[in-house]
Amino acid sequence: MTAEHTRLVAALRELRAGAGLSLAALAERTAYSKSSWERYLNGKSLPPRQAVRELCRLANEPDGRLLALWEIAESHWSGRAVATPAPVSAPTPPADESPRPHPQESPPPAGTGWRRLGGSRLLVVLASAYTVIVGGAAALLFLLLPDSQAQEDEPPPASIPFSLAPQCHGAACEGRDPMRLICGLGPDTLASHRTATGAHVELRYSKKCGASWARTWGTEIGDRLDVTADGPTHGVRIRNKDDAATFIYTEMTEVRPGSTVRACFRPASADGERECFEARVGGAAATTRPPSSPVASGPRE
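Description of the structure in this document.

For the chain, the count of helices and strands is seven helices and ten strands. Counting over 301 residues, the chain shows a buried share of 36%. When the accessible surface of the chain is totalled, it reaches about 18000 Å², and 56% of it is carbon and sulfur.

What follows deals with the packing of aromatic side chains. According to the stated counting rule, one finds three aromatic pairs in the structure shown. Seen in terms of ring centroids, Tyr32 and Tyr40 are 6.2 Å apart; in terms of plane orientation they differ by 75 degrees. Their pairing is edge-to-face. The pair formed by Tyr32 and Tyr40 is uniform in burial state, with each residue classed as buried. Between Trp37 and Tyr40, the ring centres sit 5.6 Å apart and the planes meet at 80 degrees, which makes this aromatic pair edge-to-face. Remark: Tyr40 and Trp37 occur in helix 3 (residues 34-41); sequence separation between them is three residues, near one turn of the helix. Tyr40 sits in the buried class, given a relative accessible area of 8%. Each member of the aromatic cluster is reached from another via a ring pair, and the members are Tyr32, Trp37 and Tyr40.

Here we come to helix 4 (residues 49-58). For helix 4, every residue scored as buried is listed here: Ala51, Val52, Glu54, Leu55, Cys56 and Leu58. Elements in contact with the buried residues of helix 4: helix 1 (3-19), helix 2 (23-29), helix 3 and helix 5 (64-78).

All chains considered together, the criterion is met by three disulfides. Between the sulfur atoms of Cys168 and its disulfide partner Cys173 the distance amounts to 2.0 Å. Here the S-S torsion is close to 110 degrees, and the disulfide linking Cys168 with Cys173 is therefore right-handed. Comparing Cys168 with Cys173 shows no difference in burial state: the two are buried. One disulfide in the model links Cys183 with Cys209; its S-S distance is 2.1 Å. Looking along the S-S bond of the Cys183-Cys209 disulfide, the torsion reads about -95 degrees, which is the left-handed sense. Of this pair, Cys183 sits in the loop between helix 6 (113-153) and strand 1 (188-194) while Cys209 sits in the loop between strand 2 (200-206) and strand 3 (211-217), and the two are 26 residues apart along the sequence.

All right, on to the packing of helix 4 against helix 5 then. One can describe the packing of helix 4 onto helix 5 by two numbers: an axis separation of 10 Å at closest approach and a directional angle of 160 degrees. Taken together, helix 4 and helix 5 sit at an angle that is classed as roughly antiparallel. For the element pair helix 4 and helix 5, the recorded crossing hand is right-handed. Residues Arg49, Val52, Arg53 and Cys56 of helix 4 form the contact with helix 5, whose participating residues are Leu66, Leu67, Trp70 and Glu71. Residue composition of the contact of helix 4 with helix 5, grouped by class: five nonpolar, no polar and three charged.

Attention shifts here to the nonpolar core. With 37 residues, the main nonpolar core has Leu8, Trp37, Leu66, Cys183 and Met252 as its most contacted residues. The next biggest cluster of nonpolar side chains, apart from the first, holds 21 residues, and it includes Ala214, Ala229, Ala263 and Phe277.

Mapped onto the fold, Thr253 is located in strand 7 (residues 253-254). Given a relative accessible area of 0%, Thr253 falls into the buried group. Sequence-distant contacts of Thr253, defined by excluding residues within four places in its chain, comprise Glu174, Gly210, Ala211, Ser212, Ala229, Pro232 and His234.

Another point: the environment of Arg224. Turning to its location among the elements, Arg224 is positioned in strand 4 (residues 224-228). Accessibility expressed as a relative area gives 23% for Arg224, which makes it partly exposed. Separated by twelve residues in the primary sequence, Arg224 and Val236 have C-alpha atoms spaced 5.8 Å apart. The residues touching Arg224, leaving out its near neighbours within four places in the chain, are Gly235, Val236, Arg237, Cys264, Phe265 and Arg266.

Rules behind the numbers
Position labels on residues start from 1 in each chain and follow its written sequence. In keeping with the model being predicted, local features are shown solely for residues with a pLDDT of at least 70 and side-chain atom pairs are shown and tallied solely at 80 or more, while totals for entire chains, interfaces and linings include all residues. Hydrogens and water are ignored here; the side-chain numbers use all heavy atoms of the structure. What counts as a helix is a DSSP run of H or I of at least four residues, what counts as a strand is a run of E of at least two, and both are numbered from the N terminus. Buried residues are those whose accessible area, probed at 1.4 Å on protein chains only, stays under 20% of the maximum for their type, while exposed residues exceed 50% and partly exposed ones sit between those limits. Computed by Shrake-Rupley with a 1.4 Å probe, the accessible areas treat only the displayed protein chains as cover when residues are assessed. Two rings from Phe, Tyr or Trp (for Trp, the six-membered ring) form a pair when their centres sit within 6.5 Å of each other. Planes less than 30 degrees apart are called stacked, planes more than 60 degrees apart edge-to-face, and all others tilted. Residues count as neighbours in contact if any of their non-hydrogen atoms are within 4.5 Å of one another. Disulfides are defined as pairs of cysteine sulfur atoms found within 2.5 Å of each other. Inter-axis angles, ranging from 0 to 180 degrees, are taken between N-to-C directions of lines fitted to C-alpha atoms, where helices are fitted over the stretch in contact. We call two directions roughly parallel when the angle between them is under 35 degrees, roughly antiparallel when it is over 145, roughly perpendicular when it lies between 65 and 115, and oblique otherwise. The handedness criterion is simple: a crossing whose near helix is rotated anticlockwise from the far helix by less than a right angle is left-handed, and one whose near helix is rotated clockwise is right-handed. Polarity classes work like this: nonpolar for Ala, Val, Leu, Ile, Met, Phe, Trp, Tyr, Cys and Pro, charged for Asp, Glu, Lys and Arg, and polar for all others, with Gly in that last group. As used here, the term nonpolar core means buried Ala, Val, Leu, Ile, Met, Phe, Trp, Tyr and Cys residues forming a set that is joined through side-chain atoms within 4.5 Å.

Here you go:
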């Protein structure tokens with residue numbers, strides 16, 4: 001499995017766990033069998049694009065980000081991501097171009113004829129040897145290239161062991177991507193909040209990784225989300241319409257049981273107020289709504 005396929009599998013497993021869907025339920029509510037979903041969710045085979053869309057639909061999640069992950073994973077799986085440069089041929093001179101006449105040379109001094117002839121023979125021998133070596137190397141590469149390319153195009157066998165265990169813990173997760181490091185598999189939702197602009201924000205926590213992060217969706221271009229605990233603040237900005245059409249994550253911050261995690265959402269609109277909410281690791285999950293008359297919960301930066 002490639003790193004891109006690993007990231008896709010982690011996101012699919014998180015969606016399934018968050019929606020509480022069993023393999024049997026997926027088989028009943030989609031066109032794919034239970035055994036197919038088992039292969040997709042364990043990284044044994046790449047799911048079809050439609051299967052990714054179906055899972056997003058059942059989990060009530062935007063499908064933009066997952067489909068983008070699928071496109072990247074599929075391009076590496078199929079080998080399309082490896083570009084093969086076209087061979088460059090030497091330019092061919094025009095047909096009507098005749099060889100230029102060499103200027104007349106003065107006759108060589110006496111006694112130099114043998115040395116000039118010997119030098120010419122030596123050059124001929126070296127050129128012949130060079131041609132043989134280069135030609136042999138090119139032939140060898142030509143014979144080996146198809147097999148190498150075929151091996152790259154073949155998907156990895158399903159029997160290769162693969163672990164979806166988290167790839168970091170605690171301080172090692174600080175400032176890193178929760179999906180890439182497999183921390184986004186079945187995390188807890190510490191708190192959720194709906195902003196005055198209609199965006200959704202969640203504080204997420206992975207016990208196995210000892211880290212927390214925030215995610216948001218239903219956003220607008222220019223919105224920003226920050227998360228902090230006892231260390232640095234990590235933020236993410238909605239940069240384009242693709243970001244706004246899917247759910248976006250902040251980087252992770254290290255937490256421990258009892259730590260307080262804080263998320264702040266800042267809308268792009270100039271008259272919008274920053275909205276912050278907190279949750280304690282190990283506490284009960286909470287859901288908050290925007291107040292009827294929005295009041296800033298902190299100074300705008």
